[in-house]
Amino acid sequence: SGEPAVHGFGVSTDRFEAIKLANADCVENGGSDCSSWRTGKNNCMAMTIEADLTKGGWGGHFGDTTEEATDKALLECGHPKYSECIVVEARCALEN
């Protein structure tokens, strides 16, 4: 079985501060090899992971609303080889 998935999420008006916050959140969640995946400005984003945390399935997507981003992220995570996917974060970015 694989290692459990770990995520981090950061929101700030400054891109680099958001990355710093996301990496710190990842470490706080048990991560040891954290890096930035995506950044966004003036939009919403959702992250999903495979529910049993052993196969590494995940999804992340942007949208105009958290609902739109969540729906897209669940589709991205929902590959047939994974079990049910769950939402771990859904937030909107702060405007600059």
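Residues numbered from 1 in each chain as written. Predicted model: local features only at pLDDT ≥ 70, side-chain atom pairs only at ≥ 80, totals over all residues. Heavy atoms only, no water.

A.B. asks: Looking at this structure, I do not really get the environment of C77. What am I missing?
C.D. replies: Topologically, C77 is positioned in helix α2 (residues 66-77). Classification of C77 as buried rests on a relative accessible area of 0%. Considering only alpha carbons, one finds C77 and I49, 28 residues apart in sequence, at a separation of 6.6 Å. (Helix = DSSP H or I, 4+ residues; strand = E, 2+ residues; numbered from the N terminus. Buried < 20%, exposed > 50% of the residue type's maximum accessible area, 1.4 Å probe, protein only.)

A.B. asks: Is there a simple way to think about the state of the cysteines in this case?
C.D. replies: Here, disulfide denotes a covalent bond that connects the sulfur atoms of two cysteines. The tally for this structure, following the rule as stated, stands at 3 disulfides. Here C77 connects covalently by a disulfide to C85, the sulfurs 2.1 Å from one another. Linking C77 and C85, the disulfide has an S-S dihedral of approximately -80° and is accordingly described as left-handed. The pair C77 / C85 is uniform in exposure class, with both members buried. For the protein, numbering the cysteines in disulfides from first to last along the sequence yields the connectivity 1-2, 3-6, 4-5. (Disulfide = S-S within 2.5 Å.)

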